[in-house]
Amino acid sequence: MTAVFDLDDIDKAIIRELQIDGRLPHAQLAPLVGLSQAATRQRVNRLIERGVIQVVAVTDPVALGLGYQALVGVSVTGDARCVADAIAEISEAEYVIIVAGRFDIIAEIVCSDSDAFMSVVNDRIRAIPGVVTLETLNYLRLVKQTYSWGTG
């Protein structure tokens, strides 16, 4: 279970600024959030240590030659956790969640092309014990993608 932390307005301001530019030096971040450089560094480090934020590089899959993206809804028999763990082992599965509703699992699959996607779906996901059916939802266009949760 993940601990829940209350964020104050300064924490939220720090997160908002780092979401715009995760490489922003503390010296430039500090005046934007109304703290000294040392206090800003402490706040950022605390947010990282608590697991509230991660500062990472986000890639564009299309720019890396991974232009085929889809969500795959999977219905299973038996323990969905076991099937989700098996799907998570597939390198092209970027995001795997167990859900309630029409499907038991939804996975985001990112591949170079439709042939690679067919191989992942047909040869690897369908071969997992417990997979009953799957439905693919191929991306036509990414309209919006944000990472601004919890900043108000």
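Analysis parameters
- Residues numbered from 1 in each chain as written.
- Predicted model: local features only at pLDDT ≥ 70, side-chain atom pairs only at ≥ 80, totals over all residues.
- Heavy atoms only, no water.
- Phe/Tyr/Trp six-rings, centres within 6.5 Å; stacked < 30°, edge-to-face > 60°.
- Helix = DSSP H or I, 4+ residues; strand = E, 2+ residues; numbered from the N terminus.
- Buried < 20%, exposed > 50% of the residue type's maximum accessible area, 1.4 Å probe, protein only.
- Core = buried A, V, L, I, M, F, W, Y, C linked by side-chain atoms within 4.5 Å.
- Contact = heavy atoms within 4.5 Å.
- Pairing = 2+ DSSP bridges.
- Axes fitted to C-alpha atoms, helices over the stretch in contact; angles between N-to-C directions.

J.: Would you mind showing me how to read the packing of aromatic side chains here?
T.: Each pair of aromatic rings is reported with the distance of its centres and the angle of its planes. A full pass over the atoms with the stated rule returns one aromatic pair. Aromatic side chains Y68 and F117 sit 5.0 Å apart centroid to centroid with 45° between the ring planes, which places their arrangement in the tilted category. Here Y68, found in strand β1 (residues 68–76), pairs with F117, found in helix α5 (residues 114–125); they are 49 residues apart in sequence, far enough to count as distant. Under the relative-accessibility criterion, Y68 is labelled partly exposed at 22%. Judged by its relative accessible area of 6%, F117 falls in the buried class.

J.: Sorry if this is basic, but what is going on with the nonpolar core here?
T.: As a rule of thumb, nonpolar side chains are buried together in soluble globular proteins. Judged by nonpolar contacts, the single largest core of 21 residues is most densely connected at V74, I87, I109 and I125. Those elements giving two or more residues to this core turn out to be β1, α4 (80–88), β3 (105–111), α5 and β4 (131–138). Not counting the four nearest positions on each side in its chain, I87 is found in contact with V74, A93, V96, I105, A107, I125 and I128. One finds I14, I15, V33 and I53 within the second-largest nonpolar core, a separate group that totals ten residues.

J.: How should the sheet that holds β4 be read in this particular structure?
T.: Whenever strands of a sheet pair, they do so through backbone hydrogen bonds, lying parallel or antiparallel. Here four strands make up an open sheet; going across it, the order is β2-β3-β1-β4 and the pairing antiparallel. With one partner strand each, in any of the chains shown, β2 (93–98) and β4 form the two edges of the open sheet. If you compare each strand with its neighbour and ignore which way they point, the axes differ by 20° on average. Against the sheet, α4 makes contact with β1, β2, β3 and β4, and its axis sits at roughly 170° relative to β2, the strand it touches most.

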